[in-house]
Amino acid sequence: MSSQFTKTILRLQLPTDPRWVNIAEKNIEEILVDHAYCEQKAATSGISLIVKYPDKTRLVEEMTDLVAEEWSHFERVLAELKKRGWGLGRNRPDEYVVELTKHIRKGGQRERQLMDHLLVNALIEARSCERFKLLWKNIQDEDLQKFYYELMVSEAGHYVSFVKLAKEYMPAEVVDARLNELLEIEADIIRDLEPRPDRMH
Ligand SMILES: [Fe+2]
Ligand SMILES: [Fe+2]
């Protein structure tokens, strides 16, 4: 998975500051704790979508699978913490996700809101995938290397699924146009946030 992948498949407009991975590796306990909560939030977000759109059968089915997968990621991060003698620690607000979520438009067509929600989730998956790639390639710990590689592949799959799912409910050209807008917004958010030593985003 090259930087070409980041640009052409994930389509992220701004690569992560390369300093992030070096500082992250020195704070692996904090990174694991933050990561555990990222997985918890991904599962929670899938559950919220099910509850909000019970009439969308395809969405309900796909989110059911996704929630199970994200929850298994959560369990595995907990196990990595435990192996090292660490606990879960407290949840910290994820500024990146908070900023991105502000761009889910309220009101208007219900499907448009759903599309925004799915695309915001898609971008969180894409950025997480990019960060897992950096961790996989740069971290010294061999167990964690393997773990991050698997997660990179899994979150890339989720990114693609979220975009596809949005196209179930809105015309493809509308989804692509909104995705382009959100990709710009996402890059601006990343640009404004300092690379944090203790955060996944
Ligand atoms: Fe995950
Ligand atoms: Fe995911």
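Keep in mind it's a predicted model, so treat the numbers as computed, not measured.

So, about the overall build of the protein chain. Assigned secondary structure in the protein chain consists of 8 helices and 0 strands. In the protein chain, the succession of α and β elements from N to C terminus is α-α-α-α-α-α-α-α. The C-alpha radius of gyration of the protein chain comes to 16 Å, within 12% of the 17 Å expected for a compact globule of 201 residues. With respect to the three principal axes, the spread of C-alpha positions in the protein chain is 50 × 30 × 30 Å.

This next bit is on the packing of helix α6 (residues 110–138) against helix α8 (residues 172–192). Between α6 and α8, the least distance of the axes is 10 Å, while the angle of their chain directions is 50°. What the angle tells us is that α6 and α8 run oblique. Between α6 and α8 lies a crossing of right-handed hand. The residues of α8 that touch α6, namely those facing M115, D116, L119, V120, L123, R127 and R131, are V174, V175, R178, L179, L182, L183, E186 and I190.

Along the polypeptide, R199 turns up in the segment after α8. Of note is the side chain of R199, whose polar atom sits 3.2 Å from the backbone oxygen of P93. Setting aside its immediate chain neighbours within four residues, R199 contacts W20, I31, D34, R92 and P93.

Turning to the coordination of the iron ion (ligand 2), a few remarks are in order. Protein-derived coordination of the iron ion (ligand 2) comes from E70 (OE), E125 (OE), E125 (OE), E155 (OE) and H158 (ND1), at a distance range of 2.0 to 2.4 Å. Every donor residue of the iron ion (ligand 2) comes from the same chain, spaced as E-x54-E-x29-E-x2-H. Between the iron ion (ligand 2) and the iron ion (ligand 1), a spacing of 3.6 Å is present, and a bridge between the two is formed by E70. Highlighted residues: E70 in helix α4 (residues 57–83) and E125 in helix α6, separated in sequence by 55 residues. Given a relative accessible area of 1%, E70 falls into the buried group.

The subject of this paragraph is the environment of E111. As for its position among the elements, E111 is in helix α6. Remark: the alpha-carbon pair of E111 and A166, spanning 55 residues in sequence, is separated by 8.7 Å. If we ignore the near neighbours within four places in the chain, the residues touching E111 are K56, Y169 and M170. Of the polar contacts made by the side chain of E111, one reaches the side chain of K56; its length is 2.5 Å.

On to the coordination of the iron ion (ligand 1), then. Within the protein, the iron ion (ligand 1) binds to E39 (OE), E70 (OE), H73 (ND1) and E155 (OE); these donor distances fall in the range 2.0 to 2.2 Å. Coordination at the iron ion (ligand 1) is irregular, judged from the 4 donor atoms that bind it and the angles of 91 to 135° they form at the metal. Since its relative accessible area comes to 5%, H73 is described here as buried.

Aromatic ring pairs are defined here through the distance separating the ring centres and the angle between the ring planes. Applying the stated rule across the entire model yields 4 aromatic pairs. Arranged with centres 5.8 Å apart and planes meeting at 20°, the rings of F132 and Y148 form a pair that is stacked. Placement of the pair is F132 in helix α6 and Y148 in helix α7 (residues 142–169), with a sequence separation of 16 residues. For F132, a relative accessible area of 2% puts it in the buried group. Connected via pairs of aromatic rings, a cluster forms that spans F132, F147 and Y148. One Lys or Arg, R131, reaches over the ring of W20 and ends 4.9 Å from the middle of that ring.

Moving on: the nonpolar core. Inside soluble globular proteins, nonpolar side chains tend to come together where they are buried. The biggest cluster of nonpolar side chains holds 60 residues, and the ones touching the most others in it are L59, L135 and Y148. Elements with a minimum of two residues in this core: α2 (19–25), α3 (28–52), α4, α5 (95–101), α6, α7 and α8. If one sorts the elements of this core by residue count, α6 sits on top with 13 residues. Y148 has contacts with I28, I31, L32, H35, F132, L135, W136 and I139, leaving out every residue within four places of it along the chain.

Thresholds applied
- Residues numbered from 1 in each chain as written.
- Chains lettered and ligands numbered in written order.
- Predicted model: local features only at pLDDT ≥ 70, side-chain atom pairs only at ≥ 80, totals over all residues.
- Heavy atoms only, no water.
- Helix = DSSP H or I, 4+ residues; strand = E, 2+ residues; numbered from the N terminus.
- Rg over C-alpha atoms; globule rule 2.2 N^0.38 Å.
- Axes fitted to C-alpha atoms, helices over the stretch in contact; angles between N-to-C directions.
- Parallel < 35°, antiparallel > 145°, perpendicular 65-115°, else oblique.
- Left-handed = near helix turned anticlockwise from the far one by under 90°.
- Contact = heavy atoms within 4.5 Å.
- Polar contact = N/O pair within 3.5 Å; in protein donor to acceptor, adjacent residues only side chain to side chain.
- Donors = N, O, S within 2.8 Å, 3.2 Å for Na, K, Ca; no water.
- Buried < 20%, exposed > 50% of the residue type's maximum accessible area, 1.4 Å probe, protein only.
- Tetrahedral: all angles 85-135°; square planar, octahedral: opposite > 155°, others 65-115°.
- Phe/Tyr/Trp six-rings, centres within 6.5 Å; stacked < 30°, edge-to-face > 60°.
- Lys NZ or Arg CZ within 6 Å of the ring centre and 35° of its normal.
- Core = buried A, V, L, I, M, F, W, Y, C linked by side-chain atoms within 4.5 Å.

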